[in-house]
Structure formats: C-alpha cells, structure tokens
Amino acid sequence: MGRYILRRLLNYAILLFVAVSLTYFLAASQLNPRVLWELANPPLPAETIEASLRAKNLSDNVPLLERYWTWLTGIVTGWEWGEQPRQAGDVSEEIGRRIGVSIRLITIGILGGITLGVVLGAWTATRQYKISDRVTTFGALAIFSVPVFVLISIIQVLATTWNDVTGIRVFEYIGETGSVGSYPGAWLVDRLQHLLLPTLVLVLSQAAFFSRIQRNLMLDALGSDFVRTARAKGLRQGKAVMKHALRTSLIPTGTYFAFSVATLFLGSTFVEVLFNFHGMGEFAITTIQGQDVHGAVAVAAFGGVCVLVGATLADLMVAALDPRVRVS
Amino acid sequence: MSVVNPEVLEPAVPGAGGGGGAPVQRRITRRRLVLRRFLRNKTAVVGAVLILALGFLAAFGPLLSAWDYDQVDRYAFLQPPDSRHPFGTTQSGQDVFALTMRGLQKSLLIGLLVAVFSTGIAAIIGSFAAYFGGWFERVALWIIDLLLVVPSFLIIAIISSANRGGSNQSFFDRAVLLLPQWILLVVLLTVFGWMLAARVVRSLTLSVKEREYVQAARFMGIPAPVVILRHILPNISSLLIIDATLNVAGAILAETSLSFFGFGIKAPDTSLGALLGTGARQATTFPWLFVPAAVIVVLLVLSVNAVGDGLRDALDPNSGSGGRA
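Residues numbered from 1 in each chain as written. Chains lettered and ligands numbered in written order. Predicted model: local features only at pLDDT ≥ 70, side-chain atom pairs only at ≥ 80, totals over all residues. Heavy atoms only, no water.

J.: Please explain the packing of aromatic side chains as it appears in this structure.
T.: Geometry of an aromatic ring pair is reported as the spacing of the ring centres plus the angle between the planes. One pass over the structure, following the stated rule, counts 26 aromatic pairs over all chains. On the basis of an interplanar angle of 80 degrees and a centroid distance of 6.1 Å, the ring pair of A:Trp71 and A:Trp81 is categorised as edge-to-face. Residue A:Trp71 is located in helix H4 (residues 64–78), and its partner A:Trp81 is located in the loop between H4 and helix H5 (91–126); the two are separated by ten residues in the primary sequence. Of the two residues, A:Trp71 and A:Trp81, neither departs from the other in class, the shared state being buried. Measuring from centroid to centroid gives 5.1 Å for B:Phe260 and B:Phe261, while their planes differ by 85 degrees, and the two rings are edge-to-face. (Phe/Tyr/Trp six-rings, centres within 6.5 Å; stacked < 30°, edge-to-face > 60°. Helix = DSSP H or I, 4+ residues; strand = E, 2+ residues; numbered from the N terminus. Buried < 20%, exposed > 50% of the residue type's maximum accessible area, 1.4 Å probe, protein only.)

J.: What is the right way to look at a positive patch on the surface in this model?
T.: All names here are of chain A. On the surface, Lys 233, Arg 236, Lys 239, Lys 243 and Arg 247 cluster together into a positively charged patch. Relative to the helices and strands, Arg 236 is located in the loop between helix H9 (225–232) and helix H10 (237–267). For Arg 236, a relative accessible area of 68% gives the class exposed. (Patch = residues over 30% accessible without salt bridge, like charges linked within 9 Å, V, L, I, M, F, W, Y side chains within 5 Å. Areas by Shrake-Rupley, 256 points an atom, 1.4 Å probe, with all protein chains shown as cover. Salt bridge = Lys/Arg side-chain N within 4 Å of Asp/Glu carboxyl O. Lys, Arg positive; Asp, Glu negative; His and termini not counted. Charge placed at Lys NZ, Arg CZ, Asp CG, Glu CD.)

J.: When you look at a nonpolar patch on the surface in this model, what are you seeing that I'm missing?
T.: Residue and element names in this part refer to chain B. A surface patch of nonpolar side chains, about 520 Å² in accessible area, is lined by Phe 132, Trp 135, Phe 136, Val 139 and Ile 143. For the nonpolar patch, the leading source of residues is helix H4 (residues 134–149), giving four residues. Mapped onto the secondary structure, Phe 136 falls in helix H4. A relative accessible area of 32% means that Phe 136 is categorised as partly exposed.

J.: Can you help me understand the domain arrangement of chain A in this one?
T.: Accessible area lost when the parts come together is the quantity often used to give the size of an interface. All names here are of chain A. Taken as a whole, chain A is organised into domain 1 (2–78) and domain 2 (91–327). One C-alpha centre belongs to domain 1, the other to domain 2, and the line joining them spans 33 Å. Listed per partner, the contact involves 17 residues of domain 1 and 17 residues of domain 2. Buried area between domain 1 and domain 2, summed over both chains or domains, comes out near 1,400 Å², and the portion from carbon and sulfur atoms is 78%. Among the residues domain 1 hides against domain 2, the three largest losses belong to Tyr 12, Leu 16 and Leu 31. Together they make up 35% of the total. Along the contact surface separating domain 1 from domain 2 lie one salt bridge. Across the salt bridge formed by Arg 8 and Asp 315, the nearest N and O atoms sit 2.4 Å from each other. Seen at the junction of domain 1 and domain 2, the total is two residue pairs in polar contact (both at pLDDT 80 or more). With nine residues, the single largest contributor to the side of domain 1 that touches domain 2 is helix H1 (residues 2–30). Of the residues belonging to the side of domain 1 that touches domain 2, the class tally is twelve nonpolar, three polar and two charged. (Domains from an automatic or database assignment. Contact = heavy atoms within 4.5 Å. Buried area = accessible area lost by both parts, 1.4 Å probe. Polar contact = N/O pair within 3.5 Å; in protein donor to acceptor, adjacent residues only side chain to side chain. Nonpolar A, V, L, I, M, F, W, Y, C, P; charged D, E, K, R; others polar.)

J.: How should the environment of A:Pro252 be read in this particular structure?
T.: Residue and element names in this part refer to chain A. Inspection of the secondary structure puts Pro 252 in helix H10. Residue Pro 252 is classed as partly exposed on the basis of its relative accessible area of 30%. Separated by 177 residues in the primary sequence, Pro 252 and Ile 75 have C-alpha atoms spaced 37 Å apart.

J.: Is there a simple way to think about the interface of chain B and chain A in this case?
T.: Opposite the 42 residues of chain B that make contact, chain A presents 46 residues. Note on chain B versus chain A: buried area summed over both sides is about 3,500 Å², and carbon and sulfur give 76% of it. On the chain B side of the interface with chain A, the three residues burying the most area are B:Val149, B:Ile158 and B:Phe261, jointly 18% of the side's total. There are one salt bridge connecting chain B and chain A. With its nearest N and O atoms 3.0 Å apart, the salt bridge here joins B:Asp309 to A:Arg212.

J.: Sorry, what's going on with the pattern of salt bridges here?
T.: Residues and elements named next belong to chain A. Using the criterion set out here, one finds 15 salt bridges over all chains in the structure. As a salt-bridge pair, Glu 94 and Arg 98 come within 2.8 Å of each other at their nearest N and O atoms. One end of the pair is Glu 94 and the other is Arg 98, both in helix H5 and four residues apart, which spans about a single turn. On the basis of relative accessible area, Glu 94 is assigned to the buried category, the value being 10%.

The following block contains the structure:
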C-alpha cells in the first residue's frame, strides 16, 4: 500500500516536472518580453533594454538552456518562480494572492452547482419522459451548449435592465467589492452582492454539466438488477431509489466532482475576466497577453498540480464510496 | 457499450389473414434499428435538421449577400440593421451578415476537422496501445497523462499569440507562418483533444480483443493492423461516432473561447468566436454585432449536442433512454 502510493506520487512528480519544463521551453521561445520595452515612449536605448531583460533572466540573446537552468535553480534553491517583466517581486507572491480570490469566488458556486446538478439529475431520472424531465434535460442541454461568455453577457444585460428599471442597485458586476454602506455588516452585504452574479453563472454551468451526468448514471442504476431485487424483496420504491440506486450512481460522480473542483481554478477564466475578479483564471490570460514567460509557466505548473490533486482526490473518493474498490 | 449482434430479430405484427400460424419473425438490420431509435428522439431529429440547414447556410449564405465579408462600406460605419445591410455593419464598415456567414463556414470547418482527426487519433492510439500492450502501451498512457497535465488552453494561447514576424525566425516559426491560421488552430485543438477518448478506446479494446473472432483472426496469421482496423474498431464504432459528434461541439466552443481573447482566428479572417469576442463587449450598446453570431453558435452547438445524445441512445444497446428496441 505504502509502496504503491509512493510510486504513484513519484510518477506524478516526474509528469509534473516534464510538463512544466516543456511549458517553460515553449513559453520562453514563443513569448517575447522585449516588445514591452521596445514600445516604450520615449524609446529606451538597446543596452538598457538588454540589461533589464538579462536582470530578469528573460533575454532571448541568452541561450535557452542557460535561461532554463537559471530558472530551475531559482525554484529548487529558493522557491523563486521568476519575476514578471514589468513588475518587481516574484510571481509566486502574485499567485498566492490570486489563489485566495479564486477560492472566494468558486467555493459557493461549485458546491451549490454540483449539489443542484446531482439532485436535479437524480430526480429527473426517476421521472423519465415526464414533462419535468423533458424541460430540465433540455434546459441543461441548452446551458451546456451556450459559450460561457455568452451566458455571462445575457445575465449582465438582464441585471443592468433590472437595476435601471427598479432604480435600486441590487446586482453588482464589477470586481469583488464596491462602495460600502455605513450600516453594520455592510461590507458583507457588499461582498455578497458582488458574488451573486458570478456565483449564479458558476451554479448554472456546473449544474447543467452534473445533471446530465447524474441523470445518465441514475438511469443505468435504476434499470439494474439489484434495484429490481430490492423492490422484489419488498422494499419501498423511495427506499430502493435512495439507498440502492442513488448511492451506487453517486460513485462515478465522485470522480467528476474531484476533477471539477480542481480544474475550476483555471476553468473559471471567463467568469473572472468578465466580472473583474483578479483570480488565477484571469492571470492565465494576463500573462500571455503581457508576454510574461515566468507567469505563464507558473500558471501552467499550478494547473498541473490542480489536475493531479484532482486525480488523487477522485481515486480516494471512489475508494471511500465504493466498497468493491480496494487499492491492491 | 458492448458488442451487438449485427441483426436483431423482432416479432412482426401478425398478418391480418394469417390467424393460427406461428408468429412471423421479421429481420431488421442494425442500421434500421438504430435509425428507428434515433428518429424516435424528436430533439435529436430537430437538431439534425438544424445542422443540415446551417451547413446549407454556410455554403450558400454568402451568395445571398451583396457584400463580401472583407468589403468595407465607406458610407456605413457601425450602422444598425437597415435595408442596405440587413444585419448592420461593424465599426470598420463590414457587413455583419457576410461576416457571420464567413464565421459560420470557418467554425463548421474547424469543428468537423478537429472532430474527425482527434477521434481518429484516439481510435488508433487507444486500440494499438491495448492490442500490443507492453512498453508501447506504457509510453502511450504516459504521453496521454502528460498532455492531460499541461493546461491545453494556455499552451494553445501561447503558440498562437507568439510574434513570428521578427528578424530571427526559427524553422518552427517559418513552418507555422506557411499555414493558414485556421489550420494551425485545427492542428492545436486536435493535438490536445484526443486523450480522454483514447483512454476509453483502450479500455474497450482490452475487452474486445479477448473475443473469439479476434483471437481466431489472430491465430490465422492476419497482421495486427488489419485485425485492429477490420475487427476491433468496427466493434467499438458506436463510441467513436458519439465521440466524434461531441467533439464537433467541443471544438466549436473551444474555438470561440480562444478567439474571444484574441488567441484564435485573427483579422482579416473571422470566425464565430472572433465575432463574439468583439460583440460581447458591446452587447448592450450595439446588440447587432453580438446577436447574430451568438444565436448561430448556440443553435449549432445545441443541435450537435442533441444529435450526440440521440446517437448515444440509439447506438448504445444497454441504454434504456432510447425506449424499447
């Protein structure tokens, strides 16, 4: 058991190392931070540009392998992931700040969305082909098919209209906080107001995804022999559904759940960009648009860790939920 | 999803005049069975019709318009819809209808090509890995894991946003510049799109390859690639068809996401994603820039997903959601 886990973790470490190194080579050869200095007005002398690039280990006149080595030793010796081109300070500080924003943004959204999705999926499966099933299934399919940013645009337009028509600013859609009132607890209300719409988007998209999965799994479980046996031995329909069908069909959902939680850090990019939350998803875009080699690689490393944590969590979850699975 | 008999026996309705005889058995082919199950799903049928209509629109829509997508009307900048431009014009005076048609063409093309290629790669790598086993399988699985660990969106964005015009071009830069931009996007989306399906294909192949007919073919000395192409892949074709269909939708959505941030198709060419990217930021003030492309994307992806669901129900013999037989 211990050996198995150790071997697996070692494999993950190697995977991550190779993936991050490849991303570094790619980012360092494709992105071009020099442009940022060359665009400066009044123009900077070429030597100054070269000197500041070299100071940050970003100059494309230094051989790629040499830059890679400097960068790698920085991480191994001092956990320094490199500096951003136009900003002082290490990328890892920036990421530490942004992870907090992302966590505040997605926690309620993902938990609410998954719960809603699982409940809806399981419920509609028991009511297959009834009108409630058809409406919910089609609604989920529709939300699933709309690009997230279109969904956000629609919600923002609706919210603006509501604010204008009623004259009260119920919905806020820019940033994490705004003008705080002077009554007690105002800061909390303010934050919740700003969280409302992004959370709604996350809940809708997650619920659409999970209700589709859960409905299929639940239909398979409901048609299976052990549920029929449970009914045949005299168990009530409700109990057979809850204890036999639902419990079994929740096991594969656990896998998706773990992956969703882990990958949503980078997956909520659109929500963060369009609602002005300065989290990890937004950072991924800013780094590339800002020719930020070190930032992009650090984001990739973070994303890789998320996927591997998700995979491990998924396995643990299945092992915990499913008595048939025991790590051999 | 297991292997199905190619033909299913079904009791036919007893003939009016044939009272007393044994019930007549009518053979229906698998193809007709699948078609019947598919036609029963009204959402999927509507989706299929819509896809055909959109394909028709993409092919012949540009002929309906008096304007080319790259033509600039110097008398109409950012005009709302009128008789001259039925869908209005953009900031630079291009006709929105012509742009939308061009975008639809590009998005359809990207979606179809990515789906075909990534499902093809998934089928070949997944089945060969399972069939041969050993180090080949281990290497394939490791590469799959590696590609899953790298955030694909980031990598595609880095490659397609790189500035290749400079003086010191590498060989890679020149090769990329030779390709039209949408082909680069197809290649990138394919490279990062086949891994999950390959894993499923591998696990299905593992069970199919133990079947008698595969063993028989093997022991008759038929070369491995032929066994895989003739005997294994046709038997997991239902998975491949469903995967390809859903990949079309996935590729179209991925293209819109990349183009939204300017990492996909760039001007002067256009795609639905590029149109939405500029349109979404002005959706409240200039809705005509946003609405046509948004409606078409949603219709297209919704139809493809509906057809995918319908195919899953029709092709999967274990699925109860397709109704009886």
